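Listed here are the chains, written in short residue letters.
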Amino acid sequence: MPLAPVRQITLDEIRSARERIAGTIQRTPLVKLQMGAGYPDIRLKLENLQPINAYKLRGAANAVAMLSDEERERGVWTISAGNAGQGVAYAARQAGVPCTVVVIETAPEAKKERMKALGARLVAVPFPVAWQAMEDRKFDGVEGTFVHPFDDHNFIAGNATVGLEILDDAPDVKAVIGAIGGGGLVTGVASAVKALRPDVKVFGAEPETAAPAALSHKVGSAQEFKDWAHSFVDGAGGKSVFPRMWERMKPLLDGYFVVSLDETRNAMRLMAEKARVISEGAGALALAAALRGDAGEGPVVAIVSGGNIDLAKFFELIG
């Protein structure tokens, strides 16, 4: 079946998604990071406090809720480094639907164990295989209805509810930064923010080891990141930008920041020290960019997109 053309996500769709998922997700707090003089005014949107410790539950809950009875009866499957898999598994369990996750084999054990605990069957594959399956939307040996972890209109509309909450809690916001893996978070947030406050800037952040969106912005078209390398920032930074996602992001985002791994570790440490927040690598990208002043003096909202990290690894990284 051919894919539906990419189109704008409307404010009505986002508001409907907020009502639809209200009983599943946590309305997460927005807290000011107390850094003192000489730093931008930074607020942290704590999506690491979701029931699955990541924002992906929003999109997954909306996407699964909008499946037909026939689609649910077939069971659902997705592809994930861990957070989208947890989101789909959580929503599927609530709906009484079987779930399979084609999981990237280097995903942290904490994420794998959480998906299993939520009832998902796991099929572990190397990153390039998973990335290709996301593009193909199929994987041999896995049956059911595919829920794409980012290139899905209803998934993005669920993610967009983050933007509504940010504007509710920080009406004085000047800029918002979110991590980019496939682009579903920033596309959703920007869809909501730009509809209500077109003056607010929305930026994406990627790790230096995997920054295809920044490259695509520089070149002007969807690009592959040829120097891609695996890092502890497993929840963000893809091998390429899907053309459909570039079509979604291009008219909405105001810029793209590339963050070093050292800056990411420092942001993780700062959140732990100053706000007692445990963030995974992807969740710290936005703060790392904000601390550089890349998005201005603020108020800047940095979305802490997830906190799913093995504690031993976390202590190793911030030690």
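Treat the numbers as computed from the prediction; the structure is a model and nothing was measured. (Residues numbered from 1 in each chain as written. Predicted model: local features only at pLDDT ≥ 70, side-chain atom pairs only at ≥ 80, totals over all residues. Heavy atoms only, no water.)

**Here's the deal with the packing of helix 1 (residues 11-21) against helix 9 (residues 184-196)**
Look at helix 1 against helix 9: their axes get within 10 Å of each other, and the N-to-C directions meet at 120 degrees. Considered as vectors, helix 1 and helix 9 are oriented oblique to each other. Where helix 1 crosses over helix 9, the two elements pack in a sense that is left-handed. For the pair helix 1 and helix 9, contact is made by Leu11, Ile14 and Arg15 and by Ser191, Ala192, Ala195 and Leu196, respectively. Of the residues contributing to the contact of helix 1 with helix 9, the split by class is 5 nonpolar, 1 polar and 1 charged. (Axes fitted to C-alpha atoms, helices over the stretch in contact; angles between N-to-C directions. Helix = DSSP H or I, 4+ residues; strand = E, 2+ residues; numbered from the N terminus. Parallel < 35°, antiparallel > 145°, perpendicular 65-115°, else oblique. Left-handed = near helix turned anticlockwise from the far one by under 90°. Contact = heavy atoms within 4.5 Å. Nonpolar A, V, L, I, M, F, W, Y, C, P; charged D, E, K, R; others polar.)

**Some points on the pairing of strand 3 (residues 76-80)**
The buried count for strand 3 comes to 5 of 5 residues, which makes it a mostly enclosed element. Covered by surrounding structure in strand 3 are Val76, Thr78 and Ser80 together with Trp77 and Ile79, the residues of both alternating faces. As defined by bridge partners, strand 3 adjoins strand 4 (residues 99-104) across 5 bridges and the pair is classed as parallel. In the strand pairing of strand 4, Ile79 is matched with Val102. Following the backbone out of strand 3, through helix 4 (residues 83-95) and into the adjacent parallel strand 4, one traces a crossover that is right-handed. (Buried < 20%, exposed > 50% of the residue type's maximum accessible area, 1.4 Å probe, protein only. Pairing = 2+ DSSP bridges. Right-handed = clockwise from strand over helix to strand, strands pointing away.)

**What about the packing of aromatic side chains?**
Each aromatic ring pair is summarised here by two numbers: the centre-to-centre distance and the angle between the ring planes. Counted under the stated rule, the structure contains 9 aromatic pairs. When the centroid spacing of 5.3 Å and the interplanar angle of 70 degrees are considered together, the rings of Trp131 and Phe242 count as edge-to-face. Within this pair, whereas Trp131 is found in helix 6 (residues 127-136), its partner Phe242 is found in the loop between helix 10 (212-219) and helix 11 (243-249), the two being separated by 111 residues in sequence. Pair check on accessibility: Trp131 and Phe242 agree, each one buried. Here Trp246 and Tyr256 contribute two aromatic rings whose centre-to-centre distance is 6.0 Å and whose plane-to-plane angle is 35 degrees, an arrangement assigned as tilted. Highlighted residues: Trp246 in helix 11 and Tyr256 in strand 9 (residues 255-259), separated in sequence by 10 residues. Taken as a pair, Trp246 and Tyr256 share a single burial class, namely buried. Note that Arg93 overlies the ring of Tyr90, its terminal NZ or CZ placed 5.9 Å from the centroid. (Phe/Tyr/Trp six-rings, centres within 6.5 Å; stacked < 30°, edge-to-face > 60°. Lys NZ or Arg CZ within 6 Å of the ring centre and 35° of its normal.)

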